[in-house]
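What follows is each chain in one-letter form.
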Amino acid sequence: MAAAGSAVGLGNIWKFPYVTGDSGGAAFLLIYIVCIFLFGLPLVLAELSLGRLSGKSPVAAFRQMGNRGWSGVGGLSVLTAFMVLSFYIVVCGWTLAYMYFELTGEIDGTNQAALQQTFTDFTGGVWAPIICAAVFMIGTAGVILGGVGNGIERVAKILMPILFLLLIILVFRAVTLPGSWEGVKFFLVPDWSRLDGETATAAVGQAFFSLSLGEGVMITYGSYMARRHHLPTDALAIVGLDTLVAILAGLAVLPAMFAAGIEPGNGGPGTTFMVLPAVFAEMPAGWLFGFFFFLLLAIAALTSAISPLEVMVRYLGDEFGLARKKATILSALVSFAVAVPAILSFGPWSGVHILPDSSIFDSLDFTATSIGMPVGGLLTALFLGWVIGPRAFQAIRHPDGRLPIWAGAWLFVLRFITPLGIGWILLSSLIMD
Ligand code: PHE
């Protein structure tokens, strides 16, 4: 449950739709799905297995099952988790603000210019987005500190199906808006001419981001999973659910975007927040629907945000013997310190570029999502495939001790397909730049 909670979050509902919009629609969707099943599914299973086999957090897991050198891969994943948390928490804060905006009626209208204005005014400010992110970070740290992870899981178990239901209702409303049909076509009918060298990189990055791969989350959670769990079933459920939610979100946001007259590619990180309120406004008691939607989104975001924090806390505990409380406070503070410049990069610091042409927020996102996660995933695949090898089968046996018939194929994919595929995509994007 926790692993599924980590996977399903803002990555599906906030990020997936605008990345799909920016990267060419249906053609991107197809490549994304290939990435999910070719790289994502085998790796979710690999990371969970690594956690189960070692019973350790990433750095220690690589050290114990491999050697000191390999523990560097664990270090890389902790670093990536830290970067993820720093920009993720920014958007988590937005969900709180949008709950408030729905309640006050501030965004209860279909005027797209006004909705965009609200978004840019809010994110471009200083204190409001900082306070929202701070509140969210405190909540996230509180969950880890209070050891209420189980409680959150139980709450999420009830609330996530409701979020799912709201999404389905939203899809129906969105695709029946005037002008939205073009968006449905954009999302489902591939136009290959829209593809460019960046598409595959974006697809791998998005797949890894959405599945919480390559930053130690699944390793850490795998180390907690009870023996009676059959990891392959869990991996398939996580991947299936995550993909379904992303597709539903795409079917809601992209048609709404076309209906609002926003060109695909011009949406950017604000897309979901700018176009969904207009769909809510077209529903009876839309503000109430909108409020609940953002509330559930905030909870989905919380069950995701706790996972990179858990990776950092476990790392500080395992490697430096830091008590859980100290480790949590330290990790939250450091991540928040990096989140502040990322927040300001939507406003006063929008001119500050770290990577060429990229704001601080985008640079963090790109470094974590398009480099850290795929590289981490590639190395994890190599590690499981070659260093651990058939020993990994121990983690995927049926409870009665039988080995799944596809075990050999899984190892083959981890040894060759995943590393070569990701390596090729990363290299070609470097060369094409
Ligand atoms: N998978 C999460 C989402 O889709 C984001 C995330 C990425 C969480 C990496 C933890 C680590 O929202």
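Residues numbered from 1 in each chain as written. Predicted model: local features only at pLDDT ≥ 70, side-chain atom pairs only at ≥ 80, totals over all residues. Heavy atoms only, no water.

**Details of the packing of helix α3 (residues 26–54) against helix α16 (residues 360–388)**
Two numbers describe a pair of packed helices, the interaxial angle and the distance between the axes.
Then, in step 1: It is at 10 Å that the axes of α3 and α16 come closest, and there the two elements cross at 60 degrees. Our classification of the angle between α3 and α16 gives oblique. Here α3 runs over α16; the crossing is left-handed. Residue-level inspection shows Leu43, Ala46, Glu47, Leu50 and Leu53 of α3 in contact with α16, the latter providing Gly377, Thr380, Ala381, Phe383, Leu384 and Ile388.
Then, in step 2: In the contact of α3 with α16, the residues fall into 8 nonpolar, 2 polar and 1 charged. (Axes fitted to C-alpha atoms, helices over the stretch in contact; angles between N-to-C directions. Helix = DSSP H or I, 4+ residues; strand = E, 2+ residues; numbered from the N terminus. Parallel < 35°, antiparallel > 145°, perpendicular 65-115°, else oblique. Left-handed = near helix turned anticlockwise from the far one by under 90°. Contact = heavy atoms within 4.5 Å. Nonpolar A, V, L, I, M, F, W, Y, C, P; charged D, E, K, R; others polar.)

**A short note on the nonpolar core**
Then, in step 1: Counting 147 residues, the largest nonpolar core has Leu50, Leu170, Phe208, Phe293 and Trp410 as its most contacted members.
Then, in step 2: Apart from residues no more than four positions distant in its own chain, Phe293 is found in contact with Ile13, Leu163, Leu166, Leu167, Leu170, Leu276 and Phe280. (Core = buried A, V, L, I, M, F, W, Y, C linked by side-chain atoms within 4.5 Å. Buried < 20%, exposed > 50% of the residue type's maximum accessible area, 1.4 Å probe, protein only.)

**Quick look at the site of the ligand**
Then, in step 1: In the region of the ligand, 17 residues are neighbours, and Ala7, Gly11, Tyr88, Phe209 and Ser212 sit closest.
Then, in step 2: At a separation of 2.7 Å, an oxygen atom of the ligand approaches a polar backbone atom of Ala7.
Then, in step 3: Between the ligand and the protein, one listed contact pairs a nitrogen atom with a backbone N or O atom of Ser210 at 3.1 Å.
Then, in step 4: Isolated, the ligand exposes 320 Å² of accessible area, and the fraction of that covered by the protein chains is 100%.
Then, in step 5: Secondary-structure elements contributing two or more residues to the shell around the ligand are α1 (2–7), α2 (10–22), α5 (68–104), α10 (197–210) and α14 (286–320).
Then, in step 6: A per-class count over the shell around the ligand returns 8 nonpolar, 8 polar and 1 charged. (Near = heavy atom within 4 Å. Polar contact = N/O pair within 3.5 Å; in protein donor to acceptor, adjacent residues only side chain to side chain. Areas by Shrake-Rupley, 256 points an atom, 1.4 Å probe, with all protein chains shown as cover.)

**With respect to the packing of aromatic side chains**
Then, in step 1: This structure, assessed with the given rule, holds 31 aromatic pairs.
Then, in step 2: Ring geometry for Trp14 and Tyr18: centres 5.7 Å apart, planes at 55 degrees, overall tilted. Of the two residues, Trp14 and Tyr18 are both situated in helix α2; the distance of 4 residues between them amounts to about one turn of the helix.
Then, in step 3: Between Phe293 and Phe294, the aromatic rings sit 5.8 Å apart at their centres with planes inclined by 80 degrees, giving edge-to-face as the arrangement.
Then, in step 4: Sitting over the ring of Phe209, Lys15 keeps its end group 4.9 Å from the ring centre.
Then, in step 5: Positioned over the ring face of Trp386 is Arg415, at 4.7 Å from the centre of the ring. (Phe/Tyr/Trp six-rings, centres within 6.5 Å; stacked < 30°, edge-to-face > 60°. Lys NZ or Arg CZ within 6 Å of the ring centre and 35° of its normal.)

**Topic: the environment of Thr243**
Then, in step 1: Along the polypeptide, Thr243 turns up in helix α12 (residues 231–259).
Then, in step 2: A sequence separation of 33 residues divides Thr243 from Ser210, and the C-alpha atoms of the two residues are 8.4 Å apart.

**Points about the pattern of salt bridges**
Then, in step 1: Counted under the stated rule, the structure contains 7 salt bridges.
Then, in step 2: Where Asp191 meets Arg194, a salt bridge forms, and the shortest distance between an N and an O atom there is 3.5 Å.
Then, in step 3: Put simply, Asp400 and Arg402 hold a salt bridge, and the shortest N to O gap is 3.3 Å.
Then, in step 4: Classification of Asp400 as exposed rests on a relative accessible area of 56%. (Salt bridge = Lys/Arg side-chain N within 4 Å of Asp/Glu carboxyl O.)

**With respect to the side chain of Thr369**
Then, in step 1: As for its placement among the helices and strands, Thr369 is situated in helix α16.
Then, in step 2: Overall, the relative accessible area of 2% leaves Thr369 in the buried class.
Then, in step 3: Filtering out sequence-adjacent residues up to four positions away, Thr369 remains in contact with Lys15, Phe87, Gly205, Gln206, Phe209 and Pro374.

**Focus on a nonpolar patch on the surface**
Then, in step 1: Together, Val34, Leu38, Trp386, Phe412, Phe416, Ile417 and Leu420 give the surface a local cluster of nonpolar side chains, amounting to about 660 Å² of exposed area.
Then, in step 2: Counting residues per element, the ones that place at least two in the nonpolar patch are α3 and α17 (407–432).
Then, in step 3: No other element matches the 4 residues that α17 contributes to the nonpolar patch.
Then, in step 4: Examined against the element boundaries, Phe416 turns out to sit in helix α17.
Then, in step 5: The class for Phe416 is partly exposed, based on a relative accessible area of 33%. (Patch = residues over 30% accessible without salt bridge, like charges linked within 9 Å, V, L, I, M, F, W, Y side chains within 5 Å.)

These results come straight from atomic positions and should not be treated as a statement about function.
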